[in-house]
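Residue-level listing of the chains:
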Amino acid sequence: MLTALFNQQLFTTIHYSREELRGLRRRGASFVCPHCSSVLTMKIGSRNIPHFAHMSQADCELVKGETLHHLLSKQLLYDRVSSLHARVSLEHYIRELKQVADIYVKTDTAEIAIEIQCSTIPISEIVRRTHGYHRQRITPFWILTQPLKSKKLLSLTTFQQAFIRYSPHLDYFLLQFLPDRSIFQLYSHLLPVSGTAFMSAAPIIIPVSEFTLPPSIPDVSVLHPYSLSHWYDYRTKWIYNRIHYNNARTDVFLREVYGEGDTFLYLPLYIGIPVIPHGIHIRNHEVEWQYYVWKDCLKGDSISEESVCRLLDRRIAKGHIELRSLPLLKRDEVIKRIASGYLRLLEEVQVLSKINDTYQLTEPWSCPDHFSAFEKHKHDFFPKWKHILKKL
């Protein structure tokens, strides 16, 4: 922690030089925790940020051991936010919630609590704290500082996915803070290809010296990550992995496909197309949840958006479809957006035609049952899908 009580006044280490702090320590200055009143020790290294720590036997419920990574993050963000706003507090205690915000900002129109998250905690804890802040009319702003795995794809744990946000300009995006480099990295236009892997645009670099609340995104051209070859390759890989690593007798999804008389390997390509952007809310692969839509609803004569919403809700209730834990996003009408997005895509690739508020198949359902039939289907479908991707 960077703050303590000294002579009953709040004292912050980052406001003093190392020599000034060493001088206080030599003179026997006594510091106590502002939350539990335990005596604190002041640690002043030559490289690390000077900070306070509880004695080993102390047990403070509000302040736990912090990494140097976390301390550096707080210092950098406090310095930056303090240059933008007059009323900024470090390690601010919110009595009504009995919790400490890493950085607290009060403006003429809003109160903001910045939560810097280095370690993995239960997502339910993020939800609890977020709801608590909202009850007090405080806007929480969560910042992720964990390292991310990124090569061809961006790999995100379930916890890291909880920090995904949405904006009309960036679609679904993730903001990562790298205190060691004093920068933010913003990954935009996230498109899932599995439960943990995402395509994304090249990260936008935002120096901490340009960070604002709320964040202002640099006006840069964003190269969308979507391409026909990438989409088809990742879809095919997922299908082969599902066949190879799962037993059709025990896999609920495969059992439904084969029980329906369809060939999993040759499912039509309009089953498994990304519903951009809102399909990210469903954790299941597009092939899986879209096949359920076809089996339960679209093979009929007349289809409506409402009927697709109902069947998605039923599959979610049964546990066949799982929604991602995205606590920083509103869940209002998510299912409706996904249903309307998928139906609109099916209309654009001429699988469905819309008449008033209902949709009808342009031709009877047909699943290729051998390689040659699938190749012909692919040849017919690719130009339509390529045209749609160009418009995204």
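Counting starts from 1 at the beginning of each chain's written sequence and moves along it residue by residue. Confidence filtering applies because this is a predicted model: local features only for residues at pLDDT of at least 70, side-chain atom pairs given and counted only at 80 or more, and all residues used for totals across whole chains, interfaces and linings. Side-chain metrics in this entry use all non-hydrogen atoms of the structure; hydrogen atoms and water are not considered.

Enquirer: Quick question: what am I supposed to make of the packing of aromatic side chains here?
Expert: What characterises a pair of aromatic rings is the spacing of the ring centres plus the angle enclosed by the ring planes. Stacked, edge-to-face and tilted labels apply to pairs of Phe, Tyr and Trp rings (six-membered ring for Trp) whose centres lie within 6.5 Å, assigned for plane angles under 30 degrees, over 60, and everything in between, in that order. Using the criterion set out here, one finds 26 aromatic pairs in the structure. Taking the centre distance of 5.4 Å and the plane angle of 85° together, the rings of Y232 and F382 count as edge-to-face. On the criterion of sequence distance, the pair formed by Y232 in helix α5 (residues 228–245) and F382 in helix α10 (residues 371–391) is long-range, its members being 150 residues apart. Between the aromatic rings of W238 and F253, the centroid separation amounts to 6.4 Å while the plane-to-plane angle is 55°, which identifies the pairing as tilted. Taken together, the positions of W238 in helix α5 and F253 in helix α6 (residues 252–259) put the pair 15 residues apart, joining distant regions of the chain. The class for W238 is buried, based on a relative accessible area of 14%. The helix and strand labels rest on DSSP assignments: H or I over at least four residues marks a helix, E over at least two residues marks a strand, and numbering proceeds from the N terminus. Working definition: with a 1.4 Å probe on protein chains only, accessible area under 20% of the residue-type maximum means buried, over 50% means exposed, and in between means partly exposed.

Enquirer: Would you mind going over the packing of α6 against helix α7 (residues 286–298) with me for this structure?
Expert: For helices, the fitted line uses only the C-alpha atoms of the stretch in contact; every axis is such a line through C-alpha atoms, and the angle between N-to-C directions lies from 0 to 180 degrees. Where α6 contacts α7, the two axes come as close as 11 Å, and the packing angle between them is 40°. One way to sum up the angle between α6 and α7 is to call them oblique. Between α6 and α7 lies a crossing of left-handed hand. Facing V252, F253, E256 and V257 of α6, the residues of α7 in contact are V287, E288, Y291, Y292 and K295. By the convention adopted, Pro, Cys, Tyr, Trp, Phe, Met, Ile, Leu, Val and Ala count as nonpolar, Lys, Arg, Asp and Glu as charged, and the other residues, Gly among them, as polar. Within the contact of α6 with α7, the residues separate by chemical class into six nonpolar, no polar and three charged. Should an angle fall under 35 degrees it is taken as roughly parallel, and over 145 as roughly antiparallel, whereas 65 to 115 is taken as roughly perpendicular and any remaining angle as oblique. Less than a right angle of anticlockwise turn of the near helix away from the far helix marks a crossing as left-handed, whereas a clockwise turn marks it as right-handed. Contacts are assigned to residue pairs with any non-hydrogen atoms lying within 4.5 Å of each other.

Enquirer: Is there a simple way to think about the sheet that holds strand β18 (residues 303–304) in this case?
Expert: Following DSSP output, two strands are said to pair if at least two bridges run between them. An order of β18-β20-β19 is seen for the three strands of this open sheet, with the pairing classed as antiparallel. Strand pairing shows two members of the sheet lacking a second neighbour, β18 and β19 (352–355), which therefore form its edges. Pairing between β19 and strand β20 (residues 358–361): four bridges, direction antiparallel. Bridge pairing in β20 places S353 opposite Q360. Lying on the sheet, helix α9 (residues 334–348) is in contact with β18, β19 and β20; it crosses β19 at an angle near 110°.

That is the geometry; function is a separate question.
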